[in-house]
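Coordinates in review
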Amino acid sequence: MRFRATLFLCLSLALLPAVDGSAQEQPPLEYQVKAAFLFNFAKFVEWPPADFADAKSPIVIGILGDNPFGEDLAKTVRDKTVNNRPITIKKEFRSLADATNCHILFISTSEKQRLPEIFKGLRGASVLTVGETDGFTEAGGMINFVAEGKKIRFQIKDATAKGAGLKISSKLLSLASRPAR
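Predicted model, so just to flag it, every value in this text is computed and none were measured.

Now for the sheet that holds strand E7 (residues 143-148). Here we have 7 strands laid out as an open sheet, ordered E3-E4-E2-E5-E6-E7-E8, and mixed in their pairing. This sheet does not close on itself; its edge strands, each paired only once, are strand E3 (81-82) and strand E8 (151-156). Pairing geometry for strand E2 (residues 59-64) and strand E4 (residues 85-90), over 4 bridges, is parallel. Counterpart to Val60 in the pairing with E4 is Thr88. Across the sheet, helix H2 (residues 30-43) is in contact with E2, E3, E4, strand E5 (104-107), strand E6 (128-131), E7 and E8; its angle to E8 comes to roughly 35°. In the packing of helix H5 (residues 115-122) onto the sheet, the strands contacted are E2, E5 and E6, and the crossing angle to E5 comes to about 170°.

Here we come to the nonpolar core. Grouped burial of nonpolar side chains is what soluble globular proteins tend to show. By size, the foremost hydrophobic cluster in this structure holds 37 residues, and its most contacted members are Leu38, Phe41, Leu128, Val130 and Phe154. Contributing elements (two or more residues each) for this core: H2, E2, helix H3 (72-77), E5, E6, E7, E8 and helix H8 (170-175). If one sorts the elements of this core by residue count, H2 sits on top with 8 residues. With residues up to four places along the chain from it excluded, the contact list for Phe41 reads Leu128, Val130, Ile143, Phe145, Phe154 and Leu172. Core analysis: the second largest hydrophobic core is formed by 15 residues, Val60, Phe93, Leu122 and Ala125 among them.

A few words now on the packing of aromatic side chains. Within the structure shown, the criterion is met by 8 aromatic pairs. Judged by centre distance (5.9 Å) and plane angle (45°), the ring pair of Phe37 and Phe145 falls under tilted. Linking Phe37 in helix H2 with Phe145 in strand E7, this pair joins segments that are 108 residues apart in sequence. The two residues Phe37 and Phe145 agree in class, both being buried. A centroid spacing of 5.3 Å and a plane angle of 70° characterise the contact between Phe37 and Phe154, whose relative ring orientation is edge-to-face. Of this pair, Phe37 sits in helix H2 while Phe154 sits in strand E8, placing them 117 residues apart in sequence. Across the pair, exposure class does not vary: Phe37 and Phe154 are buried alike. An aromatic cluster of three or more residues is present, and its members are Phe37, Phe41, Phe145 and Phe154.

Our next topic: the pattern of salt bridges. A full pass over the atoms with the stated rule returns 7 salt bridges. Residue Lys34 is joined to Glu30 by a salt bridge in which the shortest nitrogen-to-oxygen separation is 2.6 Å. Note that Lys34 and Glu30 are positioned in helix H2 at a spacing of 4 residues, about one turn of the helix. By relative accessible area, Lys34 is classed as buried at 4%. The partly exposed category is assigned to Glu30, whose relative accessible area is 40%. With a closest N to O distance of 3.2 Å, Lys91 and Glu71 form a salt bridge. With a gap of 20 residues between them, Lys91 in the loop between E4 and helix H4 (96-99) and Glu71 in the loop between E2 and H3 connect regions that are remote in the sequence. A relative accessible area of 31% means that Lys91 is categorised as partly exposed. Note on Glu71: relative accessible area 43%, which makes it partly exposed.

Calculation notes
All chains use their own residue numbering, which begins from 1 and follows the written sequence. Per-residue local features of the predicted model are confined to residues with pLDDT of at least 70, and side-chain atom pairs are confined, for both listing and counting, to 80 or more; whole-chain, interface and lining totals are unaffected and use all residues. With hydrogens and water excluded, all non-hydrogen atoms of the structure serve as input to the side-chain values. Strands pair, by our definition, only if DSSP identifies at least two bridges between them. Counting from the N terminus, the helices are the DSSP runs of H or I reaching at least four residues and the strands are the DSSP runs of E reaching at least two. Throughout, a contact is declared for two residues whenever any of their heavy atoms are within 4.5 Å. Angles here are taken between N-to-C directions and fall from 0 to 180 degrees, while the axes themselves are lines fitted to C-alpha atoms, restricted in helices to the stretch in contact. Here the nonpolar core consists of buried residues drawn from Ala, Val, Leu, Ile, Met, Phe, Trp, Tyr and Cys, with membership extended through side-chain atoms lying within 4.5 Å. Residue burial is assigned from relative accessible area. The probe radius is 1.4 Å, only protein chains are included, and a residue is buried under 20% of its type maximum, exposed over 50%, and partly exposed in between. Under the pairing criterion, centres of Phe, Tyr and Trp rings, with the six-membered ring standing for Trp, must be within 6.5 Å; the plane angle then separates stacked pairs below 30 degrees from edge-to-face pairs above 60, leaving the rest tilted. Note on definitions: salt bridges are taken to be side-chain nitrogens of Lys or Arg within 4 Å of carboxyl oxygens of Asp or Glu.

Here it is as structure tokens:
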């Protein structure tokens, strides 16, 4: 229980905007919060060792479809590492096959109609799929952002992640808002 509180505090602190000396701080915007979650997901997921060329290979976060983050995701991960690995962002994919070369793939709502095709194309790849679309986990996604009141939460479909060779920490699983079906 104490660890869960500490983990929640760490995630909450990561969501706070940087202090720039202005008199009045604004609360983080929706995609600033989601960008912080994406960064923190990288801390609590294990990929197969074969997914990295070497110990210093980056963790690649990709965006498939429209980019709702603007520069928020790049700012969130700038100069940060996870397990001594730098984090890089790839915003454009020429093909779905290119998307298999990332570790975390945010699938934009602009791709809702293509979800079955996308998940079929990712089959066999150890890519953590994250979305914000109704029915995302039911269609084959692993983590889906959901709004609960004014808060942003997430659902996790651990069985789908395990099927892709990913291990999601029980600590992260315990923070999920409700089990995904």
